[in-house]
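# Survey of secondary and tertiary structure
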Amino acid sequence: MHYDQSWMGFGMVGGMQAGLISALAALLLFVVFHWLGQRNAWGDGTQIGWTVLVAALVTASGDLWDLFYFNYARLQSIALLRAKLAEVHDPDSIGVRVLCELLGIVVGIYAAWVLCHSRWGTRLLRRR
């Protein structure tokens, strides 16, 4: 799913912005799945797995699909290639953006895991 990327920068700047969006989404999703996991006796692996899946679907799936499509699709004409490239924000740095989005998911999950397992986070999430 593509979100509006028209405001984003190009190259590494755009990759960092996309990674920050992914990190924030993963942080919030992990807190939600940690809260659900405490009530349903899920382990950390289940919480992390669901967070990675949902965060990647929400933030990185559009760029991942474009990266896959441009590498494996048979684009028979220059006109079709131009039309497909016009739909993508910064096609020159799509690989950097995908890498930053995936690293952002990992960083967001790690930050949320540390937050949820700290004394402050444990007290906050255990209140009912």
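Residue positions are given per chain, counted from 1 along the sequence in the order it is written. Given that this is a predicted model, residues contribute local features only at a pLDDT of at least 70 and side-chain atom pairs are listed and counted only at 80 or more, while totals for whole chains, interfaces and linings are drawn from all residues. Hydrogens and waters are ignored; side-chain quantities use all the structure's heavy atoms.

On the surface, a cluster of nonpolar side chains totalling about 470 Å² of accessible area is made up of Trp42, Trp50, Leu53, Leu57 and Val58. Labels follow the DSSP assignment, with helices taken as runs of H or I lasting at least four residues and strands as runs of E lasting at least two, numbered in each case from the N terminus. Along the polypeptide, leucine 53 turns up in helix H2 (residues 44-72). Patch members must show over 30% relative accessible area and no salt bridge, and they are joined within 9 Å when carrying like charges or within 5 Å when they are nonpolar side chains of Val, Leu, Ile, Met, Phe, Trp or Tyr. Each accessible area is a Shrake-Rupley result for a 1.4 Å probe, and residues are judged covered by the shown protein chains and nothing else. Counted as salt bridges are all cases of a side-chain nitrogen of Lys or Arg within 4 Å of a carboxyl oxygen of Asp or Glu.

All axes are obtained by fitting lines to C-alpha atoms, using only the stretch in contact for helices, and the reported angles, taken between N-to-C directions, cover 0 to 180 degrees. One way to put it is that helix H1 (residues 12-40) packs onto helix H4 (residues 94-116) with a least axis distance of 6 Å and a crossing angle of 35°. Our pair here, H1 against H4, has a crossing hand that is right-handed. The class makeup of the residues in the contact of H1 with H4 is 16 nonpolar, seven polar and two charged. Helix crossings get a hand from a simple test, with the near helix turned counterclockwise from the far one by less than a right angle marking a left-handed crossing and a clockwise turn marking a right-handed one. Here the term charged refers only to Asp, Glu, Lys and Arg, the term nonpolar to Ala, Val, Leu, Ile, Met, Phe, Trp, Tyr, Cys and Pro, and the term polar to all other amino acids, Gly among them.

With that out of the way, let us pick up the packing of aromatic side chains. Any Phe, Tyr or Trp ring, taking Trp's six-membered ring, that has another such ring centre within 6.5 Å forms a pair; planes under 30 degrees apart are called stacked, those over 60 apart edge-to-face, and the others tilted. If you walk through the whole model with that rule in mind, you get five aromatic pairs. A ring pair is formed by tyrosine 69 and phenylalanine 70, whose centres lie 5.8 Å apart and whose planes are at 70°; its orientation type is edge-to-face. You can call tyrosine 69 partly exposed: its relative accessible area is 21%. Among the aromatic side chains, those forming a connected cluster through ring pairs are Trp65, Phe68, Tyr69, Phe70 and Tyr72. For each residue, the accessible area found with a 1.4 Å probe, counting protein chains only, is set against the maximum for its type, and the residue is called buried under 20%, exposed over 50%, and partly exposed in between.

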